[in-house]
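Listed below, chain by chain, are the residues.
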There are 2 protein chains.
Amino acid sequence: METKQEIKHFLEKGYFEYRQGLCIDCAIFGYHAGELQLLLVKNKIITRWCLPGGYVKKTENLDDAAARITRDRTGIEGLYLQQFKTFGEPGRNKSYGYFDEDKLHELTGVRLAENNWLRAETVSVGFYAITDVVNTIPKADFLSSECRWFPIAALPNLGFDHDDMVRDALQHMRVHLYHYPIGKNLLPKRFTLKEIKLFYEVMSGKTLSATNFPSKLIALGLIVKTREKLHIGAHRSPTYYQFNEKVYQKALREGLVFV
Amino acid sequence: METKQEIKHFLEKGYFEYRQGLCIDCAIFGYHAGELQLLLVKNKIITRWCLPGGYVKKTENLDDAAARITRDRTGIEGLYLQQFKTFGEPGRNKSYGYFDEDKLHELTGVRLAENNWLRAETVSVGFYAITDVVNTIPKADFLSSECRWFPIAALPNLGFDHDDMVRDALQHMRVHLYHYPIGKNLLPKRFTLKEIKLFYEVMSGKTLSATNFPSKLIALGLIVKTREKLHIGAHRSPTYYQFNEKVYQKALREGLVFV
DNA sequence: TATCATTTTTTAAAATTTAAAAAATAATTT
DNA sequence: AAATTATTTTTTAAATTTTAAAAAATGATA
């Protein structure tokens, strides 16, 4: 939503187009230079940082809604989104990080009626995604003052029950990581063994062997040597590796246990 | 719901107590004598067998709702229920296994108005549970003509999107099985190695070694020998084993990888 | 007491994982 | 041009786990 008029229509008549009480929130994890990050948005009328989220349209399913919402609120296209848990604690809409109704009035001229559709209790379906921080262009819309990455180790307190969502999303993402490869979307096309080892350390939150972990990936056939090397000064130049497309796709389909 | 009057009130005024458009469905897996089964209910006004399910009350959270619904619709108390996925495809309420409104009128004297709250599109949060078939007493209520176990290999076609739900529930249950012990609630207090091996075969859908799988469980410390034996005629009497409570609880908390 | 079907333990081979040492490398210094 | 250096990569051997099969144990029955 870009214009004041669009927002006014959404606030007052949104229930024609959207399903009342059904939201989606997305925990988008990013990887860059050895750090795990999370994409958050700051909405002008909500007092805390939150996961990007929104209402589901009557004509779309949950997966489509998650794709649309992340695209519109963060500018990221084609995310691999994974549903992980639904949150429906009564009162979750009125907990930490409430709507600032005066601010809303100031910005849009609208005051929500007592029976406005947005006041209904919501249930929120949580999705998570993993993406390369470099390739994503966070974008704020009219009501969002900011949209940016935070290191996972330095998150602010989030609004509503989004702290719980992040905790659960991270846990689900790591179970996923244990069974399926994800590096192809997050690492450069060519990478050194050190880079992929660091990548898995950051994503899993565990420390891995610098020698045995990479050689396991090689033994599985998941990564293969290229002819190029990285030049890093007065040291042995590490060889660049890349994913073996065939093995990678098979692992995506059938699973494969990593450390 | 036991009486006609309760049902009439639910149909016409249920939206005071229940959240509109938010349901829960539960795939309850049962184990008995080497067979994996699923508990289904046949509602008089729905044309196909379905998973036990119902609407969420405004005052309860999703976990509590799942516990209440399974208790009321099947008579089973204290199930370990696990949320696995939420279903929200538009039109899912009108697909296979629709409401038979004439039948409803015949049974209760009620006809649903055009704008009745039950006509609103629903999203359904799926839960699964695992239980011992022997210890459960399926119970049908006023609108349910029947509630009984079906072998997983011989399920009827289910109403709405419940076929999808069962498929996904089974997949999630098996991932769970791979990481956490569950036998304590489903096997008798004492069991032979052959019994626990069969149990894991049935639950996982895989065949396991008759010698190495049990000895792995012993090596993990998960099961220990008792002093008693089962007498089975002209054969060596197998020793009864039982779970080691301490190791079992630790595995429940922290996970443990089985075959 | 011998036989039998079945459970349980033992064994040895195979495979995998782990930890550490050794070798290779390429820029820099001598 | 040779030696040095820091780092990557390979090799090695030991330890552990898994697998498959054989052997032993058992307890009722003939």
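Each remark here, short or long, concerns the structure printed above.
Residues numbered from 1 in each chain as written. Chains lettered and ligands numbered in written order. Predicted model: local features only at pLDDT ≥ 70, side-chain atom pairs only at ≥ 80, totals over all residues.

Student: Please set out the overall build of chain A residue by residue, giving values where relevant.
Tutor: Helix and strand counts for chain A come out as seven helices and eight strands. C-alpha atoms of chain A, sized along the principal axes, occupy 70 × 40 × 25 Å. Scored against the burial criterion, the 259 residues of chain A give a buried share of 33%. Sequence separation of 24 or more characterises 74% of the internal contacts of chain A that already satisfy a separation of 6 or more. (Helix = DSSP H or I, 4+ residues; strand = E, 2+ residues; numbered from the N terminus. Buried ≥ 20, exposed ≤ 12 C-beta atoms within 10 Å, placed from the backbone. Contact = placed C-beta atoms within 7 Å.)

Student: Kindly report on the protein's contact with DNA strand D, identifying the contributing residues and their values.
Tutor: Close to DNA strand D lie 21 residues, the nearest being Leu193, Arg236 and Pro238 of chain A together with Arg236 and Ser237 of chain B. Taken together, the elements giving at least two residues each to the surface near DNA strand D come down to helix H5 (193–204) of chain A together with helix H6 (212–219) of chain B. Within the surface near DNA strand D, the residues separate by chemical class into five nonpolar, 11 polar and five charged. (Near = placed C-beta within 6 Å. Nonpolar A, V, L, I, M, F, W, Y, C, P; charged D, E, K, R; others polar.)

Student: For the packing of helix H5 (residues 193–204) of chain B against H6 of chain B, give the residues involved together with the corresponding values.
Tutor: All names here are of chain B. Where H5 meets H6, the axes come as close as 9 Å, and the angle between the chain directions of the two elements is 100°. One way to sum up the angle between H5 and H6 is to call them roughly perpendicular. Between H5 and H6, the contacting residues are Leu193, Ile196, Lys197 and Tyr200 on the first element and Phe213, Pro214 and Leu217 on the second. Of the residues belonging to the contact of H5 with H6, the class tally is six nonpolar, no polar and one charged. (Axes fitted to C-alpha atoms, helices over the stretch in contact; angles between N-to-C directions. Parallel < 35°, antiparallel > 145°, perpendicular 65-115°, else oblique.)

Student: Describe the relation of the copies chain B and chain A, with residues and values.
Tutor: Mapping chain B onto chain A is achieved by rotating through 180° and translating by 0.0 Å along the same axis, at an RMSD of 0.1 Å. Viewed as a symmetry operation, the transformation between the two copies matches a two-fold axis. The share of interface residues of chain B whose copies in chain A are also at the interface is 100%, consistent with both copies meeting through the same surface. (Least-squares fit on C-alpha atoms with pLDDT ≥ 70 in both.)

Student: So, helix H2 (residues 62–74) of chain A: which residues are in play, and what are the values?
Tutor: All names here are of chain A. Given a rise of 1.5 Å per residue, 13 residues ought to cover 18 Å, and the 18 Å separating the end C-alpha atoms of H2 matches this to within 8%. What H2 keeps buried is the set Leu62, Ala65, Ala66, Ala67, Ile69, Thr70, Arg73 and Thr74. Positive phi appears at Gly75, one or two residues downstream of H2, with a value of about 80°. (Expected span 1.5 Å × (residues − 1).)

Student: Account for the interface of chain B and chain A, naming residues and giving values.
Tutor: Many structure descriptions define interface size as the accessible area lost when the parts assemble. Each partner contributes to the interface: chain B provides 18 residues, whereas chain A provides 18 residues. Broken down by secondary-structure element, the contributors of at least two residues to the side of chain B that touches chain A are strand S1 (18–32), strand S4 (81–87) and strand S5 (123–132) of chain B. When its residues are assigned to classes, the side of chain B that touches chain A shows six nonpolar, six polar and six charged.

Student: Provide a residue-level description of the protein's contact with DNA strand C, including the pertinent values.
Tutor: Taken together, 21 residues lie near DNA strand C, and Arg236 and Ser237 of chain A together with His235, Arg236 and Pro238 of chain B sit nearest. For the surface near DNA strand C, the secondary structure elements donating two or more residues are helix H6 (212–219) of chain A together with H5 of chain B. The class makeup of the residues in the surface near DNA strand C is five nonpolar, 11 polar and five charged.

Student: Give me unusual backbone geometry: which residues, what numbers.
Tutor: Within the chain, Phe160 of chain A stands out as a residue other than glycine whose phi angle is a positive 50°. With respect to the element layout, Phe160 of chain A can be found in the loop between strand S6 (144–151) and helix H4 (162–179).

Student: I'd like a rundown of the environment of Arg73 of chain B, residues and numbers included.
Tutor: Residue and element names in this part refer to chain B. Mapped onto the elements, Arg73 comes out in helix H2 (residues 62–74). Arg73 sits in the buried class, given 25 other C-beta atoms within 10 Å. Beyond its immediate stretch of four places on either side in the chain, Arg73 contacts Val41, Pro52, Gly54, Asp141 and Ser144.

Student: Please give an account of the environment of Ile182 of chain B that cites residues and values.
Tutor: Note on placement: Ile182 of chain B falls in the loop between helix H4 (162–179) and H5. Filtering out sequence-adjacent residues up to four positions away, Ile182 of chain B remains in contact with Ile130 and Leu177 of chain B.

Student: Lay out the environment of Arg48 of chain B in plain terms, naming residues and giving numbers.
Tutor: Residue and element names in this part refer to chain B. Within the fold, Arg48 resides in the loop between strand S2 (35–43) and strand S3 (53–57). Owing to 17 C-beta atoms within 10 Å, Arg48 belongs among the partly exposed residues under this scheme. Taking the C-alpha atoms as reference points, Arg48 and Ile152, 104 residues apart in sequence, are found 17 Å from one another.

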